[in-house]
Amino acid sequence: MPTCDNLTAERQTFVTHLECGLEGDRYEADVLQGLSAAGRPLLVRYDLDALKNAISQQELASRPADLWRYREFLPVRRRENIVSLGEAHTPLIRLPSLEAGAGQLIIKDEGRLPTGSFKARGLCMAVSMARELGVKRVAMPTNGNAGAALAAYASRAGMESYVFCPEDTPEVNVREIAAQGARVWRVNGLINDCGRIVGEGRKSMGWFDFSTLKEPYRIEGKKTMGLELADQLGWNVPDAIFYPTGGGTGLIGMWKAFNELKELGWLTGKLPKMIAVQAEGCAPMVRAFEAGERHAQLWENAHTIASGIRVPVAVGDFLILDAVRESGGFATAVSDESISAGLEEVASREGFLMCPEGAATYAAWKQATQSGRISKDDTCVLFNCATGLKYPLEPAEESLDCTQPIDYSQLAE
Ligand SMILES: *Cc1c(COP(=O)(O)O)cnc(C)c1O
């Protein structure tokens, strides 16, 4: 049985209202909302005092280890609206042989989630809320994993989904989207071109726009990465978090989680440095960070093998940059060569097959500890956002002829 069954049917949430992330003006919860009047993401606000009186860390610990453990921190009101495929806690895996000093190097392996990526966290929440608010048809631009998670949860919710992805999206993503019941198209452009198709089709198709951060609830789903990480560390946080940043939902969500926990008094002391990792071929946040700007310009001719972070423009750019700066972190770019080398190094030495976006965080960590930007004694968490098995792998082409004598002396060469 899905563990969300222990939610009571008529539960009240602690949600008070929604708020424009840029202007701070208020919006009503419990009705369908997209972007704010300023065209920026809406953030969900809670009555944290009431929440604090309603639950304890002890009570949380007695619940199943999954995303719905944190239900008081989440917006879904009615249990029957929850759409779940089993969002279990993801493990923390140390990489002892790759550590540079006294600091631990830890992967949070989000590849274990339904549909093989952390997009499941955001989409299980957004689809549950869309169901609660009566949505029947949704559309989304995607680099692959978000579309796969949407397809899965929307089908499970009995909702129609329309998905648009760049034509060079990994083949497995396009096929899993189709297999999980969505209508999917390859588009000869980038994710922002796909986003335009979704936006312009909204009226005639009557669909709800599920683009990254254009509805308020994906952030709340992704926020559980921060809640879960702090919970797993005994209500503590690491010194630094390396996050592969595309639209930035996860970085924004985690920073929101840490601040809510701080306000509750569940986290005291320093919050982690948030480090936004991008690819050299698509680094709009790094450029804006270095220029001291709060908004990022569109990155022309975006290209990288890490397709999940090939996002030339992000509507929540200022939320990413604010979080990075407030935390004392930074935004940094790595080359495709260092991503491939990092992927190979972690897989061959520690037996952990990262996705290219995850490997980008390893490459960035290595670069930052070598340059001294991050101390070798800092405990660092790298986010591996999807299973490495979703991506094309290096060919392995050696074969043996079993009808001939085997020359065993050759096998260890
Ligand atoms: C979506 C995605 C990202 C980027 O996540 P955001 O929270 O949107 O910045 C990184 N890696 C993978 C594998 C993804 O699917």
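The paragraphs below set out a description of the structure included in this document.

Reading guide: rules and limits
- Residues numbered from 1 in each chain as written.
- Predicted model: local features only at pLDDT ≥ 70, side-chain atom pairs only at ≥ 80, totals over all residues.
- Heavy atoms only, no water.
- Buried < 20%, exposed > 50% of the residue type's maximum accessible area, 1.4 Å probe, protein only.
- Helix = DSSP H or I, 4+ residues; strand = E, 2+ residues; numbered from the N terminus.
- Pairing = 2+ DSSP bridges.
- Near = heavy atom within 4 Å.
- Polar contact = N/O pair within 3.5 Å; in protein donor to acceptor, adjacent residues only side chain to side chain.
- Areas by Shrake-Rupley, 256 points an atom, 1.4 Å probe, with all protein chains shown as cover.
- Axes fitted to C-alpha atoms, helices over the stretch in contact; angles between N-to-C directions.
- Parallel < 35°, antiparallel > 145°, perpendicular 65-115°, else oblique.
- Contact = heavy atoms within 4.5 Å.
- Nonpolar A, V, L, I, M, F, W, Y, C, P; charged D, E, K, R; others polar.
- Core = buried A, V, L, I, M, F, W, Y, C linked by side-chain atoms within 4.5 Å.
- Left-handed = near helix turned anticlockwise from the far one by under 90°.

What to know about the pairing of strand 12 (residues 330-334)
Where burial is concerned, most of strand 12 is hidden: five out of the five residues are buried. Pairing of strand 11 (residues 273-279) with strand 12, which is carried by five bridges, proceeds in the parallel orientation. Looking across to strand 12, one finds that Gln-278 is bridged to Ala-333.

Thoughts on the site of the ligand
What surrounds the ligand is a group of 18 residues, the closest being Lys-119, Asn-145, Tyr-243, Gly-246 and Gly-248. Contact between the ligand and Lys-119: an oxygen atom at 2.8 Å from a side-chain N or O atom of the residue. Isolated, the ligand exposes 380 Å² of accessible area, and the fraction of that covered by the protein chains is 96%. Secondary structure elements with two or more residues in the shell around the ligand: strand 10 (240-244) and helix 8 (249-264).

Regarding the packing of helix 11 (residues 336-350) against helix 12 (residues 356-371)
Put simply, helix 11 and helix 12 touch, their axes get as near as 8 Å, and they point 95 degrees apart. Judged by the angle between their axes, helix 11 and helix 12 are roughly perpendicular. In contact with Ser-338, Ile-339, Gly-342, Leu-343, Glu-345 and Val-346 of helix 11, helix 12 contributes Pro-356, Ala-359, Ala-360, Tyr-362, Ala-363 and Lys-366. In the contact of helix 11 with helix 12, the residues fall into eight nonpolar, two polar and two charged.

Topic: the nonpolar core
With 122 residues, the main nonpolar core has Phe-73, Leu-123, Leu-150, Phe-210, Phe-242 and Phe-258 as its most contacted residues. With sequence-adjacent residues up to four places away left out, Phe-258 is seen in contact with Gly-226, Leu-229, Val-237, Ile-241, Leu-267, Leu-271, Pro-272 and Met-274. Formed by seven residues, the second largest nonpolar core is a distinct cluster that contains Ala-139, Val-187, Cys-194 and Val-198.

Thoughts on the sheet that holds strand 3 (residues 42-46)
Pairing in this open sheet of three strands is antiparallel, and the strands run 2-1-3 from one edge to the other. Of all the strands in the sheet, just strand 2 (26-27) and strand 3 have a single pairing partner and so form its edges. Alignment of strand 1 (residues 15-20) against strand 2, held across two bridges, turns out to be antiparallel. From the neighbouring strand, Leu-18 faces strand 2, where its bridge partner is Tyr-27.

Quick look at the packing of helix 7 (residues 218-232) against helix 8
Across the interface, helix 7 lies against helix 8 with an axial gap of 7 Å and an inter-helix angle of 60 degrees. Classified by the angle between their axes, helix 7 and helix 8 sit oblique to one another. Handedness of the helix 7/helix 8 crossing: right-handed. For the pair helix 7 and helix 8, the contacting residues are Arg-218, Ile-219, Glu-220, Lys-222, Lys-223, Met-225, Gly-226, Leu-227, Leu-229 and Ala-230 in the first and Thr-249, Gly-250, Ile-252, Gly-253, Met-254, Lys-256, Ala-257, Phe-258, Glu-260 and Leu-261 in the second.

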